[in-house]
Amino acid sequence: MVAVSIDGLTKTFGRKRALNGVSLEIPAGEMVALIGASGSGKSTLIRHIAGLERGDAGCIAIHGREIQSAGRLSGEARDMRRSIGVIFQQFNLVDRLPVITNVLVGFLGQINRLRGTLGFFSRNEKHIAMRALHRVGICEQARQRASTLSGGQQQRAAIARALVQGARLMLADEPIASLDPASARRVMEILAGINKEDGMTVVVSLHQVEYARRYCPRTIAMKDGAVVYDGPSVALDTAFLKELYGEASDELILPDAPVSDQPRERPVVAIGSGAPALATA
Ligand SMILES: Nc1ncnc2c1ncn2[C@@H]1O[C@H](COP(=O)(O)OP(=O)(O)OP(=O)(O)O)[C@@H](O)[C@H]1O
């Protein structure tokens, strides 16, 4: 089963072409990193996959169902969003509410509106929410206000909410950008664990390539709204990354990136060629 299928997606904001003919497929159960310099189009792509933004042209299907095509959202988009968990850099929790309530919000698409508005959740729903918090390692903080959690804990609560939602596809937009290295590793380990244990498809945009290499077998790199690399993360070499990130490369490239003649095993799109090039293994 293909989790995400994108064909010829284009998006322009004013004169800025944020997405330029993006086409790609992500099989269900993969964990994929999305990398690229600031402004390359990562967040815009994630928002389109999530059905939160409409493209100008092209289409996107999630688990074989079209969520948008030629600038129109499908009538099923709202329903489909339930199977898509989205995590943002800024956690998107309600600060004044307890952590457990924030996680229970994940049920809102599944229960009737009145019950959701009044905040009546069943024993079983509370049990599921506690299990999700246990899974991300913060069940002891369940009764605390969300605002009292550390950044890493807040991000873990956001992941728990996506689990409760019953998502099959997790889109994480720079989930570790504002975390210290230890918290960032913990969040990435949780995402990798969910991917391995539940077979959840995970697409995660990252600034630092080190995390892509460590946790994601596949990396998609973007530049100026286009996919310029799609292949194994281990094959990302220093020369390519310097070209991808330009001046920012010193901050973003892992120190032990392999040398440029590292063998590549999968088809890649190379910077500058504009066309897919089959690299040799
Ligand atoms: N709502 C918007 N209105 C106008 N321009 C936008 C909008 N959203 C994105 N853009 C522009 O589209 C381009 C891609 O932005 P996007 O946020 O997707 O990049 P990014 O790779 O996620 O960057 P970063 O790593 O800094 O978050 C940028 O030039 C950005 O300014």
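Residues numbered from 1 in each chain as written. Predicted model: local features only at pLDDT ≥ 70, side-chain atom pairs only at ≥ 80, totals over all residues.

**Topic: the packing of helix α6 (residues 151-164) against helix α7 (residues 181-198)**
Applicable threshold: To define axes, lines are fitted to C-alpha atoms, for helices over the stretch in contact only, and angles between the resulting N-to-C directions are given on a 0 to 180 degree scale. Labels follow the DSSP assignment, with helices taken as runs of H or I lasting at least four residues and strands as runs of E lasting at least two, numbered in each case from the N terminus. For this classification, under 35 degrees means roughly parallel, over 145 means roughly antiparallel, 65 to 115 means roughly perpendicular, and everything else is oblique. Here a crossing is called left-handed whenever its near helix is offset anticlockwise from the far helix by less than a right angle, and right-handed whenever the offset is clockwise. Contact criterion: two residues are in contact if their C-beta atoms, reconstructed from the backbone, are within 7 Å. Gly falls in the polar group here, along with every residue not listed as nonpolar (Ala, Val, Leu, Ile, Met, Phe, Trp, Tyr, Cys, Pro) or charged (Asp, Glu, Lys, Arg).
Look at α6 against α7: their axes get within 9 Å of each other, and the N-to-C directions meet at 15°. As far as their axial angle goes, α7 and α6 are roughly parallel. Like other packed secondary-structure pairs, α6 and α7 cross with a definite hand, here right-handed. Across from G151, G152, Q155, R156 and I159 in α6, the residues of α7 making contact are S183, R186, V187 and I190. When its residues are assigned to classes, the contact of α6 with α7 shows 3 nonpolar, 4 polar and 2 charged.

**So, helix α1 (residues 42-49)**
Worth spelling out the cut-off: Residue burial is a threshold on neighbouring C-beta atoms within 10 Å of the residue's own C-beta, all placed from the backbone, with 20 or more meaning buried, 12 or fewer meaning exposed, and counts in between meaning partly exposed.
Within α1, 6 of the 8 residues are buried, leaving the element largely enclosed by the surrounding structure. Once α1 finishes, G51 follows within two positions and takes phi at roughly 75°, a positive value.

**Examining the sheet that holds strand β2 (residues 16-27)**
Whenever strands of a sheet pair, they do so through backbone hydrogen bonds, lying parallel or antiparallel. This is how the line gets drawn: Criterion used throughout: strands pair if DSSP finds at least two bridges between them.
Spatially, the 5 strands line up as an open sheet ordered β2-β1-β4-β5-β6, and their pairing is antiparallel. Of all the strands in the sheet, just β2 and β6 (72-73) have a single pairing partner and so form its edges. As judged from the 5 bridges shared by strand β1 (residues 2-13) and strand β4 (residues 57-62), these two strands associate in the antiparallel manner. Its bridge partner being in β4, S5 is matched across the sheet by A61.

**Here we look at the environment of G14**
Note on placement: G14 falls in the loop between β1 and β2. For G14, a count of 6 C-beta atoms within 10 Å puts it in the exposed group. Spatially, the C-alpha atoms of G14 and V103 are 37 Å apart, while their sequence positions differ by 89 residues.

**Some thoughts on the site of the ligand**
Rule in force here: We call a residue near a molecule or strand when its C-beta atom, built from the backbone, sits within 6 Å of it.
Around the ligand, a shell composed of F13, K16, A18, G36, S38, G39, S40, G41, K42, S43 and T44 is seen. Of all the secondary-structure elements, those providing two or more residues to the shell around the ligand are β2 and α1. Of the residues forming the shell around the ligand, the biggest block, 3 residues, is contributed by α1. For the shell around the ligand, the per-class residue count stands at 2 nonpolar, 7 polar and 2 charged.

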